[in-house]
Amino acid sequence: MIAGIGTFGDAFSFIVERRELLLEKTVEHLVLSGAALGVALVLAVPLGVWLGHRHRGSFIAINAANVGRALPSLAVIAIGLSVFGFGFTNVLVALVVLAVPPILTNAYVAVDEVEPDAVEAARGMGMTGGQVLRRVELPLALPLLFAGIRTASVYVVASATIAAIAGGGGLGEILFNQASYRTEGLVGAAIVVSLLAFTADAALGGLQRALTPRGLRRKVPAFEPDVVTRTGR
Amino acid sequence: MTNEPVIPEFGEASRCVAENRFFCADWVRDNWAGVLQPALVEHVKLTAIAVAAGFAIAFVAALVAHRFRLVEGPFAAFSAIVYTIPSIALFQLLVPVTGLSVLTVEIALVGYTLLILFRNVLEGLRSTPPEVLEAARGMGCTRRQTLWSVELPLALPAIVAGLRVATVSTIALATIAAFVIPEGLGRPIFVALRDYFKTEIVAAGLLAIALALVADALLVLAQRALTPWAHARRTA
């Protein structure tokens, strides 16, 4: 135990002494995570929202998250490595594969579960399908949709550490390189990655609250790792 | 026969293996008993221990939180914090304390199951309709009887849903355990990454995915068997 405390002390001095290296790796980490999340958003949000709007494809949309959760990030990145080789592309593809399922499922469920009365009322006011989607369904779906994005973000930031084995850069490079950075470097980088994940989660939580229409704010879940409790019953 | 080398066919790799193609079935056949099967068994063991221990902790915590609401906040916050820590980081942070041991891996894996299991058990217990509770009280059930014969059976679907997520994500996370101890399906992946041997990476990766999907399917079947009423109501 005493040796353990000593290691943490060394880890903090590592963070202070090597702050430039850590900053550089953190930036790489954020660029990689951000790019993966961006691509996943472009792919998954329109598809999920459209399927939810038409109330179609529930089987695929809901089971996407179940299958996605079964994908070990290490396996996805390693298999991607065998297909695309080392580098940014492989890692980006692997992270997108991991980020799409929770976003898709939550986008679908969010729009699909919008109060039918509200949609009916909007139709009765003479709104077209597109107007119903833009002005009624999307605002009401926003909290749950954003919960999915938040889950995916935490997941991507965590998985991006494993990206280092495939040459993706980021903080994982320190975590996987005990030979150069020794135990204090490993523990120091682990502390930085954890802080990064917390910060990302907290920032997205704040954004989620800001984007939620005021009337719905009480219902916003604090942290929703998945929607299984909602759809599994 | 006794004069043959101990390691047969050493250095006699097939053309597929020599060219490092995407997937060589002959390598998988030759190394199933020696590499892949032991890794698979270790992986199942790591997962089973983690989910069982995580469930025991989360279940007791949820029962306590169901009775005393004050407990919910702190336990939920604690498990949410653990859930946010990236897995490699958590393994590394524990190494100075518990060393490169199975214990380190299990503590981390158990930690990741807590949030999902705790929330699902508690949500399940709270989802009992008030009129059902009223009826149980009217029949003279004690608090304990209500819990064990009314609330818990009704919470089963939510509890199994939580177990599904926890099991599947533990299987996924346990591949990373090989970074700390030489066990589980992550081990062949890490070994193969050193010389970038594709077949071993792909075989172990696919095995991990298949294991997760099979475990998920088995839990769905278990839920159907445990809660015949939920199924009957849906088909009726």
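Analysis parameters
Residues numbered from 1 in each chain as written. Chains lettered and ligands numbered in written order. Predicted model: local features only at pLDDT ≥ 70, side-chain atom pairs only at ≥ 80, totals over all residues. Helix = DSSP H or I, 4+ residues; strand = E, 2+ residues; numbered from the N terminus. Buried ≥ 20, exposed ≤ 12 C-beta atoms within 10 Å, placed from the backbone. Contact = placed C-beta atoms within 7 Å. Nonpolar A, V, L, I, M, F, W, Y, C, P; charged D, E, K, R; others polar. Expected span 1.5 Å × (residues − 1). pLDDT = per-residue confidence, 0-100. Core = buried A, V, L, I, M, F, W, Y, C linked by C-beta atoms within 7 Å. Bend = angle between axes of the 7 residues up to and from the residue. Axes fitted to C-alpha atoms, helices over the stretch in contact; angles between N-to-C directions. Parallel < 35°, antiparallel > 145°, perpendicular 65-115°, else oblique.

**Digging into the overall build of chain B**
Move 1: In terms of helices and strands, chain B carries 10 helices and 0 strands.
Move 2: Order of helices (α) and strands (β) in chain B, N terminus to C terminus: α-α-α-α-α-α-α-α-α-α.
Move 3: Each principal axis of the C-alpha atoms in chain B carries an extent, and together these give about 80 × 50 × 35 Å.
Move 4: Counting the 236 residues in chain B, one finds 42% classified as buried.
Move 5: Within chain B, contacts between residues separated by at least 24 positions form 73% of all contacts whose residues are at least 6 apart in sequence.

**Points about the overall build of chain A**
Move 1: Secondary structure assignment for chain A yields 10 helices and 0 strands.
Move 2: Start at the N end of chain A and walk to the C end: the helices and strands fall as α-α-α-α-α-α-α-α-α-α.
Move 3: Taken across its 233 residues, chain A has 50% of its residues classed as buried.
Move 4: Pairs at least 24 residues apart make up 77% of the contacts formed inside chain A by residues separated by at least 6 positions.

**What about the interface of chain A and chain B?**
Move 1: Every contact between the two is made by 41 residues of chain A and, on the other side, 40 residues of chain B.
Move 2: Within the residue set of the side of chain A that touches chain B, elements represented by two or more residues are helix 1 (2–17), helix 3 (58–70), helix 4 (73–84), helix 7 (129–159), helix 8 (172–175), helix 9 (178–211) and helix 10 (228–231) of chain A.
Move 3: Across the side of chain A that touches chain B, the residue classes tally to 26 nonpolar, 11 polar and 4 charged.

**Remarks on helix 4 of chain A**
Move 1: The end-to-end C-alpha distance of helix 4 of chain A, which contains 12 residues, comes to 16 Å, matching closely the 16 Å that a straight helix rising 1.5 Å per residue would cover.
Move 2: Counting buried residues along helix 4 of chain A, 10 of its 12 residues qualify, which places the element largely inside the surrounding structure.
Move 3: Within helix 4 of chain A, burial applies to Ser73(A), Leu74(A), Ala75(A), Val76(A), Ile77(A), Ala78(A), Ile79(A), Gly80(A), Leu81(A) and Ser82(A).
Move 4: Along its buried surface, helix 4 of chain A packs onto helix 5 (88–112) and helix 7 of chain A together with helix 7 (143–174), helix 8 (186–195) and helix 9 (198–226) of chain B.

**Some remarks on the confidence of the model for chain A**
Residue and element names in this part refer to chain A.
Move 1: Taken as a whole, chain A shows an average pLDDT of 82; of its residues, 90% reach a score of 70 or greater.
Move 2: Looking across chain A, the model is least confident in helix 10, with a mean pLDDT of 38, and most confident in helix 2 (residues 19–54), with 92.
Move 3: Taken together, the stretch residues 220–233 has pLDDT below 50 and engages in 34 contacts with residues farther than four places along the chain or on a different chain.

**Digging into the nonpolar core**
Residue and element names in this part refer to chain A.
Move 1: Counting 134 residues, the largest nonpolar core has Ile 77, Leu 95 and Ala 99 as the members making the most contacts within it.
Move 2: For this core, the leading source of residues is helix 5, giving 15 residues.
Move 3: Once you skip the residues sitting within four places of it in the chain, Ile 77 turns out to touch Val 91, Ala 94, Ile 162, Ala 163, Ile 165 and Ala 166.

**Section: helix 5 (residues 102–126) of chain B**
An α-helical turn contains 3.6 residues, so a residue and the one three or four places further along point in the same direction.
All names here are of chain B.
Move 1: Taking 1.5 Å per residue as the helical rise, helix 5 with its 25 residues ought to reach 36 Å, and the 36 Å between its terminal C-alpha atoms agrees with that figure.
Move 2: At Leu 114, helix 5 shows its maximal kink, close to 35°.
Move 3: Counting buried positions along helix 5 yields 20 of 25 residues, so the element is predominantly enclosed.

**A word on the packing of helix 7 of chain B against helix 9 of chain B**
Residues and elements named next belong to chain B.
Move 1: At a minimum axis distance of 9 Å, the contact between helix 7 and helix 9 shows a crossing angle of 170°. Viewed along their axes, helix 7 and helix 9 adopt a mutual orientation that is roughly antiparallel. Within the contact between the two elements, helix 7 uses Leu 156, Pro 157, Val 160, Leu 163, Arg 164, Thr 167, Val 168, Ile 171 and Ala 172 and helix 9 uses Ala 208, Leu 211, Ala 212, Ala 215, Asp 216, Leu 219, Ala 222, Gln 223 and Leu 226.

**Some points on the environment of Gln178(A)**
Residues and elements named next belong to chain A.
Move 1: For Gln 178, the location among the structural elements is in helix 9.
Move 2: Look at Gln 178 and you get partly exposed, because 14 C-beta atoms sit within 10 Å.
Move 3: As for Gln 178 and Val 45, which are separated by 133 residues in sequence, their C-alpha atoms are 39 Å apart.

**Looking at unusual backbone geometry**
Move 1: Of note in this structure, His55(A) is not a glycine but carries a positive phi near 50°.
Move 2: Tracing the backbone through its elements, the reader meets His55(A) in the loop between helix 2 and helix 3.
Move 3: Even without being a glycine, Tyr196(B) presents a positive backbone phi close to 60°.
Move 4: Looking at the element boundaries, Tyr196(B) is found in the loop between helix 8 and helix 9.

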